[in-house]
Number of protein chains: 4
Amino acid sequence: MTPDEAGAVLAAEAARFAGFGWMRGTSGNLSLVLSRDPLRLAVTASGRDKGSLAPTDVVVVDRDGAAVDPGAGRPSAEAAFHARVVERSGAGAVVHVHTVASVAAAARHPDGIELEGLEMLKGIGRAADGDVVRVPVIANSQDMGELGDRFDAAWEPATPAVVIAGHGLYAWGADAMQARHHTEIVEWLLELVAGA
Amino acid sequence: MTPDEAGAVLAAEAARFAGFGWMRGTSGNLSLVLSRDPLRLAVTASGRDKGSLAPTDVVVVDRDGAAVDPGAGRPSAEAAFHARVVERSGAGAVVHVHTVASVAAAARHPDGIELEGLEMLKGIGRAADGDVVRVPVIANSQDMGELGDRFDAAWEPATPAVVIAGHGLYAWGADAMQARHHTEIVEWLLELVAGA
Amino acid sequence: MTPDEAGAVLAAEAARFAGFGWMRGTSGNLSLVLSRDPLRLAVTASGRDKGSLAPTDVVVVDRDGAAVDPGAGRPSAEAAFHARVVERSGAGAVVHVHTVASVAAAARHPDGIELEGLEMLKGIGRAADGDVVRVPVIANSQDMGELGDRFDAAWEPATPAVVIAGHGLYAWGADAMQARHHTEIVEWLLELVAGA
Amino acid sequence: MTPDEAGAVLAAEAARFAGFGWMRGTSGNLSLVLSRDPLRLAVTASGRDKGSLAPTDVVVVDRDGAAVDPGAGRPSAEAAFHARVVERSGAGAVVHVHTVASVAAAARHPDGIELEGLEMLKGIGRAADGDVVRVPVIANSQDMGELGDRFDAAWEPATPAVVIAGHGLYAWGADAMQARHHTEIVEWLLELVAGA
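Residues numbered from 1 in each chain as written. Chains lettered and ligands numbered in written order. Predicted model: local features only at pLDDT ≥ 70, side-chain atom pairs only at ≥ 80, totals over all residues. Heavy atoms only, no water.

1. A short note on the packing of helix α2 (residues 79-89) of chain D against helix α4 (residues 144-154) of chain D
Residues and elements named next belong to chain D. One way to put it is that α2 packs onto α4 with a least axis distance of 9 Å and a crossing angle of 25 degrees. Between α2 and α4, the angle falls in the class roughly parallel. The crossing of α2 and α4 is right-handed. Residue-level inspection shows Ala80, Phe81, Arg84, Val85 and Arg88 of α2 in contact with α4, the latter providing Met144, Gly145, Leu147, Gly148, Asp149, Phe151 and Asp152. Looking at the contact of α2 with α4, its residues break down into six nonpolar, two polar and four charged. (Axes fitted to C-alpha atoms, helices over the stretch in contact; angles between N-to-C directions. Helix = DSSP H or I, 4+ residues; strand = E, 2+ residues; numbered from the N terminus. Parallel < 35°, antiparallel > 145°, perpendicular 65-115°, else oblique. Left-handed = near helix turned anticlockwise from the far one by under 90°. Contact = heavy atoms within 4.5 Å. Nonpolar A, V, L, I, M, F, W, Y, C, P; charged D, E, K, R; others polar.)

Below is the structure:
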């Protein structure tokens, strides 16, 4: 996949999430893995309206989140966290959105959000019954190394999502479509928790 | 009606419900009766994004939910429950959506949701006044036979809907349009109950 | 205005309100005054999906809500209540929608919803300050004469709306656009009340 | 920028906000600075549906909110407040919307809404951590001079927004795009506060 092809996919996914109200302002960012060795990620460029990205509004970054070709715009500082998620989880696509429900749910459950007995859990590869699913919640940080270490310490290999308290939701999958579905499902679960 | 004609109707209905946020991830499934003797149901294929189904994204199943022509994709395990609903109720179309309100309402009212004195009840064929309407709530199961038996035990012939706790809403009608309207009305009632 | 011209306006307004989720199922109905002496109202036909009405999906009724030309479909029973609202208020257009917030607000305030100190009240012709606005709430009835009598007893000449408990919201204005705006504003106020 | 060019931008922004349900009825108004010395503002005309403004639906006003060319329609009384915001803040664009969350949040926090420890605050130029952000809340008034004085007394130079109690939200930025993003972010924050 070329960066422009990745950019076209990410622009369409971002427009969808912006339409849901999950990327207000210029918040959130999405990424796709272009190659794994060396790791190259196409990440949406920072500071753009996520409802109207162009295919060229991506930056290719390495495993440290640094722009490989800095001509194409400034990567989000969070690109480094995307790279960390990809390296740890093996995901091919990562979605980061700022939803009110994720922040509200994390404020109530700062040590992690436990879910059980919900059919929707099957949509993230878990069982609807008898399977206690923990969506990790980690404290926010502006230091991506620190945030990455918190992720390493808290992540659950069988849960393709993490909530950053006071910040928002990360979810991932093998490709953009699975990352979208995991995002939608975890957000659904968080809305249920936040409204309860 | 051919399977493709049914698939075109179901794709349009699914896109509508996905637009409402009622089919997050790849959740939910819809069906139309093609024939009654022997029973043949067109059911949306499993694992697809419900906002962008093609008319060919259906599987024809028999009364046990087994694919009659297995070439066209994997039927949802829930196809067997659709068949059960159709046989029991005589419905021509069944809608199954995963709404936050249905799960929230069932968590509060695990023995069934009682409604009375609401004009909206006329939309499911009941009276707005002096008619205690019970939307049955049944426990979830991954065994469609068990789930079907719970439905048989709990269903109310005059209520074209059932809520599966921790799971979502089933509603049905004589055709796709009536099933849509019953779904919209029962979801409206559940939103009222969940927000009260 | 011909009935078809009225039907085209009402179809567009109904599609808008259906898009807001305020006409779930086939609920609600809209009307426009065609003439006042004798009173002739174009009312949306009963039992149709309000998101996809055709301009011909109207029935012309008299002051009793009876179809003048019964060939064009069955008028809603509520056509008689539309006529009553028009005669009493002098309105040129009436909107009736089924919103969750209107039913929730009326359940909490069965004797009427009092509002004061809200800028939004200017949108229904009232003052933002020092003006106690009462949105009447009347008990529901299937007898349009009885419902009309309750409206007569409860209506506030300076408030272009009434809530029917367990049922929904009526709002009106000089023309379709003003009726739309009054509906949107009263619904906004009811959402504020219902969420408080 | 000509008034018509400004009008085209404002019409598109207004249609977006109306689509979010933030400009119900004909509520709210938007403005763009055309020149600073003398101050000339293009402000959306009063009394129009904000979902379907034409580029000509603007009025050019001076620093007192008076129409420079009164032929083009009546400016909103609030045009004077827009001018005040622009003079005080140096903004190039001002958005005023009527959201339920802004009124609900102000009712709970009449002395100002304090926010801290939220990543979303970076979107209005503040820090996500260790930065106590106060969104001022001022009492409503129909006297724009009085309202402007309250704004002068309460405004926080580092917060590009103010909530008017019982009324709605003002937010601003260097241009229409930044004003949009500030509006979206502050509304997101107010939804979090209102739902907590």
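Don't stop here, the text continues.
2. With respect to the pattern of salt bridges
On inspection of all chains with the given rule, the structure shows 48 salt bridges over all chains. Of the charged contacts, one joins Asp152 of chain B and Arg88 of chain B as a salt bridge, the two residues approaching to 2.9 Å between their closest N and O atoms. Of this pair, Asp152 of chain B sits in helix α4 (residues 144-154) while Arg88 of chain B sits in helix α2 (residues 79-89), and the two are 64 residues apart along the sequence. Members of the salt-bridge network, linked through shared partners, are Arg84, Arg88, Asp149 and Asp152 of chain A. (Salt bridge = Lys/Arg side-chain N within 4 Å of Asp/Glu carboxyl O.)

3. A few points about the relation of the copies chain D and chain C
Of the transformation placing chain D onto chain C, the axial shift is 0.0 Å and the rotation is 90 degrees, giving an RMSD of 0.0 Å. Taken together, the rotation and translation describe the operation of a four-fold axis. Every residue of chain D has its C-alpha some distance from the rotation axis, and the shortest such distance is that of Gly195 of chain D, at 6.2 Å. (Least-squares fit on C-alpha atoms with pLDDT ≥ 70 in both.)

4. Structural notes on the pairing of strand β3 (residues 58-61) of chain B
Residues and elements named next belong to chain B. Residues of β3 alternate between two faces, with Val58 and Val60 on one and Val59 and Val61 on the opposite face, all of them buried. Relative to β3, strand β2 (residues 39-44) runs antiparallel, the two being bridged by four bridges. When the bridges of β3 are listed, Leu41 appears paired with Val61. (Buried < 20%, exposed > 50% of the residue type's maximum accessible area, 1.4 Å probe, protein only. Pairing = 2+ DSSP bridges.)

5. Some words on the interface of chain D and chain C
Each partner contributes to the interface: chain D provides 16 residues, whereas chain C provides 17 residues. Counting each side, the surface lost to burial between chain D and chain C is near 1300 Å², with a carbon and sulfur contribution of 60%. Ranking the residues of chain D by area buried against chain C places Arg24, Asp49 and Val100 of chain D at the top, with a combined share of 43%. The tally of links between chain D and chain C comes to one salt bridge. Residue Arg180 of chain C is joined to Asp49 of chain D by a salt bridge in which the shortest nitrogen-to-oxygen separation is 2.6 Å. Put simply, chain D and chain C have eight residue pairs in polar contact (both at pLDDT 80 or more) between them. (Buried area = accessible area lost by both parts, 1.4 Å probe. Polar contact = N/O pair within 3.5 Å; in protein donor to acceptor, adjacent residues only side chain to side chain.)

6. Details of the side chain of His82 of chain A
Within the secondary structure, His82 of chain A sits in helix α2 (residues 79-89). You can call His82 of chain A buried: its relative accessible area is 0%.

7. With respect to α4 of chain B
Residues and elements named next belong to chain B. Turning to α4, its buried residues are Met144, Leu147, Gly148, Phe151 and Ala154. End-on, the buried residues of α4 take up no more than an arc of 135 degrees, which puts them together on one face. Where α4 is buried, its residues contact α2, β6 (133-135), β7 (137-138), β8 (161-164) and β9 (168-173). (Arc of directions from axis to C-beta.)

8. Describing the sheet that holds strand β3 (residues 58-61) of chain D
Residue and element names in this part refer to chain D. Spatial strand order, β3-β2-β1-β4-β9-β8-β7: seven strands in an open sheet with mixed pairing. The sheet terminates laterally at β3 and β7 (137-138), the two strands that pair on one side only. Here four bridges tie strand β1 (residues 29-36) to strand β4 (residues 93-97), and the two strands are oriented antiparallel to one another. Following the sheet pairing, Leu32 is matched in β4 by Ala93.

9. Section: the environment of Met120 of chain C
Structurally, the position occupied by Met120 of chain C is in the loop between β5 (113-115) and β6 (133-135). Considered as a pair, Met120 of chain C and Trp188 of chain C are 68 residues apart in the sequence and their alpha carbons are 8.4 Å apart. Excluding anything up to four places from it in sequence, Met120 of chain C contacts Ile185, Trp188 and Leu189 of chain C together with Arg24, Ser27 and His98 of chain D.

10. Describing the arrangement of the chains
Here chain A and chain C are not in contact; the least distance found between their C-alpha atoms is 12 Å. Where chain B comes nearest to chain D, the C-alpha atoms are still 12 Å apart, and the two do not contact one another.

11. Focus on the sheet that holds β3 of chain B
Residue and element names in this part refer to chain B. If you trace the seven strands from one edge of the open sheet to the other, you get β3-β2-β1-β4-β9-β8-β7, paired in mixed fashion. The outermost strands of the open sheet, each flanked by one partner alone, are β3 and β7. Pairing of β8 with β9, which is carried by four bridges, proceeds in the antiparallel orientation. When the sheet's bridge partners are listed, Val163 is paired in β9 with Leu169. On top of the sheet, helix α3 (residues 100-108) reaches β7, β8 and β9; it is set at about 110 degrees to β9, its chief contact.

12. Thoughts on the interface of chain B and chain A
With 16 residues of chain B at the contact, the number on the chain A side is 17 residues. Together chain B and chain A conceal approximately 1300 Å² of surface at their shared face, both sides included; 60% is due to carbon and sulfur atoms. Considering only the side of chain B, the residues that lose the most area to chain A are Arg24, Asp49 and Val100 of chain B, jointly responsible for 43% of the buried surface there. The interface formed by chain B and chain A includes one salt bridge. Here the residues of the side of chain B that touches chain A sort into four nonpolar, nine polar and three charged.

13. Focus: the confidence of the model for chain A
With 98% of its residues at a pLDDT of 70 or more, chain A shows a mean pLDDT of 96. Reported confidence for the predicted complex is 0.96 by ipTM and 0.97 by pTM. (pLDDT = per-residue confidence, 0-100.)

14. Digging into the packing of aromatic side chains
What the rule picks out here adds up to 28 aromatic pairs over all chains. Consider the rings of Phe17 of chain B and Phe20 of chain B, whose centres lie 6.4 Å apart with planes at 70 degrees: the pair is edge-to-face. Counting every residue linked through ring pairs, the aromatic cluster contains Phe81, Phe151, Trp155, Tyr170 and Trp172 of chain A. Positioned above the aromatic ring of Phe20 of chain A, the side-chain terminus of Arg24 of chain B is 4.3 Å from the ring centre. (Phe/Tyr/Trp six-rings, centres within 6.5 Å; stacked < 30°, edge-to-face > 60°. Lys NZ or Arg CZ within 6 Å of the ring centre and 35° of its normal.)

15. Here's the deal with the environment of Val135 of chain C
Residues and elements named next belong to chain C. Within the fold, Val135 resides in strand β6. Its relative accessible area of 1% is what places Val135 among the buried residues. Separated by 51 residues in the primary sequence, Val135 and Val186 place their C-alpha atoms 8.6 Å from one another. Beyond its immediate stretch of four places on either side in the chain, Val135 contacts Gly112, Ile113, Leu115, Thr159, Ala161, Val162 and Val163.

16. Re the side chain of Thr159 of chain C
Residues and elements named next belong to chain C. Its location among the elements puts Thr159 in the loop between α4 (144-154) and β8 (161-164). A distance of 3.0 Å separates polar atoms of two side chains, one belonging to Thr159 and the other to Arg126. Residues in contact with Thr159, not counting those within four places in the same chain, are Arg126, Val133, Arg134, Val135, Pro136 and Trp172.

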